[in-house]
Amino acid sequence: MQAIMNTYGRLPVTFVKGEGSWLTDTEGRRYLDALSGIAVCGLGHAHPAVTEAITRQAGQLIHTSNIYNIERQQALASALTRISGMDNVFFSNSGAEANEAAIKIARKYGHDKGIAEPQILVMTKAFHGRTMATLTATGNAKVQEGFGPLLNGFIRVPYMDIIAIHSVLKANPDVVAIMLEPIQGEGGLATASAEYLQAVRTLCDDNDLLMMLDEVQTGNGRTGSYFCYQQFGFTPDVVTTAKGLGNGVPIGACLAHGKAADVLKPGNHGSTYGGNPLACAAGVAVVETIENEDLCGNARTMGEYLRNGFRERLADSERLQEIRGHGLMMGLVINQDCPSLMADALEKGLLLNVTSGNVVRLLPPLNLSQSEADQIIATVSELIESL
Ligand SMILES: *Cc1c(COP(=O)(O)O)cnc(C)c1O
């Protein structure tokens, strides 16, 4: 019997070292990492700024408690609010927990308005995490199966359908928030248009609802701006992030703005580890590096470079139907399911994955070089052509 609980289907490879966009396995073989631990290592592996920050912090102070002031936590909150235009931050250890905080803010916001059973609108094909509330908010029956009863208080609408939201709001005066991803990372890289997101913002304003964006995957420079919403000229009431924030050190954040920022009061929510000195030292190093090295700019440039490269290289192939996403969050939609593509890419020394059966997902480090992008274009195109 395996000592590790059998919750993952794993590829037969073990990595022992990483440097930049490259990983080395136990046999000494090198792989180009176009997945970054699923949008986590945005700075690449073993980035010196993060290594130095957590080494220094570990030698100084790893943990105290949220019953005291934490200097690194305040520094990270200041940096995130300055960059995002949000007002304040609650720190967690993961994306799911950041979303739990958002869901609790929405429910409390409703209760404060006198709504006894507040409802949150969520989207088809959404992914918000694996805890019971975020599992309920997730729009994937396969992920939910076997874990009922799920929570009350969620109403699902089709993604990218503003008319559907209108009609649900008409029939349900108890809706308090709309929760969605700007790009559905697990849901086939479906990408919301600027017009749709702006229309959701307007609907939330008109109906006194919280607009809550899940930027767990799209945040931290991934789409070419620090948060994806910053490309669309509005501010959400709540935005969550995690993945890229610690470059591998577990940390999540729930940011709030305006009327959402003072909903939670002392005693309403908490976390033992959330925002501890070690995790926040990593977060500060990540945010500073994204700014100092203009990694948002590089994500835009390399994102365009990859898109153009694939369009050129696969111009004559019917296999590539569409390229989704923004910046270095990219989905290549293939005209057939490609269940073995991930393992075939591994054979060729490239790490990527496939979501929704037929969408090849690329999430390379934000500091990807042009020659690394060329290798990704060549290898992925070969794999797609040989399907
Ligand atoms: C990964 C992800 C989550 C869950 O984050 P965990 O850290 O695994 O809990 C939630 N929402 C989105 C959009 C994600 O991509």
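Residues numbered from 1 in each chain as written. Predicted model: local features only at pLDDT ≥ 70, side-chain atom pairs only at ≥ 80, totals over all residues. Heavy atoms only, no water.

A.B. asks: I'm lost on the pairing of strand β7 (residues 175-180) in this one. Help?
C.D. replies: On a regular strand, one side chain projects to one face of the sheet and the next to the other, so that they alternate. Most of β7 sits inside the fold, with six of its six residues counted as buried. Bridge analysis of β7 against strand β10 (residues 210-214) gives four bridges, and the strand direction is parallel. Within β10, the position partnered with M179 by the bridge is M212. (Buried < 20%, exposed > 50% of the residue type's maximum accessible area, 1.4 Å probe, protein only. Helix = DSSP H or I, 4+ residues; strand = E, 2+ residues; numbered from the N terminus. Pairing = 2+ DSSP bridges.)

A.B. asks: Looking at this model, I keep getting lost on empty space enclosed by the protein. Mind explaining?
C.D. replies: Over the atoms rolls a probe the size of a water molecule, and in doing so it shows where empty space is left. Applying the stated criterion across every chain yields a total of one cavity of 30 Å³ or more. Looking at the largest cavity, its volume works out to about 50 Å³. Together, A39, V40, G42, L43, G219, N220, R222, G244 and L366 line the largest cavity. Tallied by class, residues from the lining of the largest cavity come to four nonpolar, four polar and one charged. (1 Å grid on protein atoms, 1.4 Å probe; cavity = no way out; pocket = protein on both sides within 12 Å on 5 of 7 lines; lining within 4 Å. Points joined across faces, edges and corners; volume = space filled by probe spheres on them. Nonpolar A, V, L, I, M, F, W, Y, C, P; charged D, E, K, R; others polar.)

A.B. asks: Would you take a moment to explain the nonpolar core for this structure?
C.D. replies: Of all hydrophobic cores here, the largest spans 84 residues; its most connected members are I165, F310, L332, L362 and I376. Broken down by element, this core gets its largest block of residues, eight residues, from helix α9 (residues 277-292). Not counting residues up to four positions away in its chain, the partners in contact with L362 are A34, F310, L328, M329, M330, L332, L352, I376 and V380. Grouped together as the second largest cluster of nonpolar side chains are 23 residues, I103, Y109, I115 and V122 included. (Core = buried A, V, L, I, M, F, W, Y, C linked by side-chain atoms within 4.5 Å. Contact = heavy atoms within 4.5 Å.)

A.B. asks: Looking at this structure, I do not really get the state of the cysteines. What am I missing?
C.D. replies: This structure, assessed with the given rule, holds zero disulfides. Left unpaired, C280 is separated from the closest cysteine sulfur, that of C254, by 14 Å. In this structure C280 comes out as buried when scored by relative accessible area, which is 0%. (Disulfide = S-S within 2.5 Å.)

A.B. asks: Is there a simple way to explain the pattern of salt bridges in this structure?
C.D. replies: In a structure, side chains of opposite charge can pair up when their charged atoms sit close to one another. Evaluated as defined, the whole model comprises 12 salt bridges. Note that E52 is salt-bridged to R56, the shortest N-O span being 3.4 Å. On the criterion of helical spacing, the pair formed by E52 and R56 is a turn pair, its members being four residues apart in helix α2 (residues 48-58). D205 is the salt-bridge partner of R201, the closest N and O atoms lying 2.9 Å from each other. Within this pair, R201 and its partner D205 are both found in helix α8 (residues 194-207), separated by four residues, close to a single helical turn. The exposure class assigned to R201 is buried, which follows from its relative accessible area of 8%. Shared partners join several salt bridges into a network, and the residues in it are K113, D208 and K259. (Salt bridge = Lys/Arg side-chain N within 4 Å of Asp/Glu carboxyl O.)

A.B. asks: Please clarify how the pairing of strand β17 (residues 359-362) should be interpreted in this entry.
C.D. replies: Across the two faces of β17 the burial is the same, with V359 and R361 and V360 and L362 all buried. Looking at chain direction, strand β14 (residues 329-334) and β17 are connected through four bridges and run antiparallel. Following the sheet pairing, G331 is matched in β17 by R361. Note that strand β16 (residues 353-355) and β17 share three bridges and pair antiparallel. Residue pairing for β17: N353 is matched across the bridge by R361. Linkage of β16 to β17, two consecutive antiparallel strands, is achieved through a turn of three residues, within which S356 is found at a positive phi near 55°.

A.B. asks: Is there a simple way to explain the layout of surface pockets in this structure?
C.D. replies: The space that makes up the second largest pocket amounts to roughly 610 Å³. What lines the second largest pocket is a set of 30 residues, and nearest its centre among them are Q73, V89, F90, F91 and H269. Among the elements of the structure, α3 (71-84), β4 (88-92), α4 (95-112) and β12 (252-256) are those that each provide at least two residues to the lining of the second largest pocket. Broken down by element, the lining of the second largest pocket gets its largest block of residues, four residues, from β4.

A.B. asks: Is there a simple way to explain a nonpolar patch on the surface in this structure?
C.D. replies: The grouping of M132, F147, L150 and L151 at the surface amounts to a nonpolar patch, some 320 Å² of accessible area in total. Here M132 lies in helix α5 (residues 132-137). Overall, the relative accessible area of 35% leaves M132 in the partly exposed class. (Patch = residues over 30% accessible without salt bridge, like charges linked within 9 Å, V, L, I, M, F, W, Y side chains within 5 Å. Areas by Shrake-Rupley, 256 points an atom, 1.4 Å probe, with all protein chains shown as cover.)

A.B. asks: Looking at this structure, how should I read the packing of α2 against α9?
C.D. replies: When two helices pack together, their arrangement is given by the angle between their axes and by how far apart the axes lie. Here α2 crosses α9 at 155°, and the two axes come no closer than 9 Å. By the angle between their axes, α2 is roughly antiparallel relative to α9. Of the two possible hands of crossing, α2 and α9 adopt the one that is right-handed. Here A49, V50, A53, I54, Q57 and A58 of α2 lie close against α9, whose contacting residues are P277, L278, A281, A282, A285, V286 and T289. Residues belonging to the contact of α2 with α9 are distributed by class as follows: 11 nonpolar, two polar and no charged. (Axes fitted to C-alpha atoms, helices over the stretch in contact; angles between N-to-C directions. Parallel < 35°, antiparallel > 145°, perpendicular 65-115°, else oblique. Left-handed = near helix turned anticlockwise from the far one by under 90°.)

A.B. asks: Quick question: what am I supposed to make of the sheet that holds strand β11 (residues 238-241) here?
C.D. replies: Strands in a sheet are paired, the pairing made by backbone hydrogen bonds, and the direction either parallel or antiparallel. Ordered in space as β4-β12-β11-β10-β7-β5-β6, the seven strands form an open sheet in which the pairing is mixed. Strand pairing shows two members of the sheet lacking a second neighbour, β4 and β6 (154-157), which therefore form its edges. Put simply, the sheet's adjacent strands are angled 20° from each other on average, direction ignored. As paired elements, strand β5 (residues 119-123) and β6 share four bridges and run parallel to each other. Each bridged residue has a counterpart across the sheet, and for I120 the counterpart in β6 is F154.

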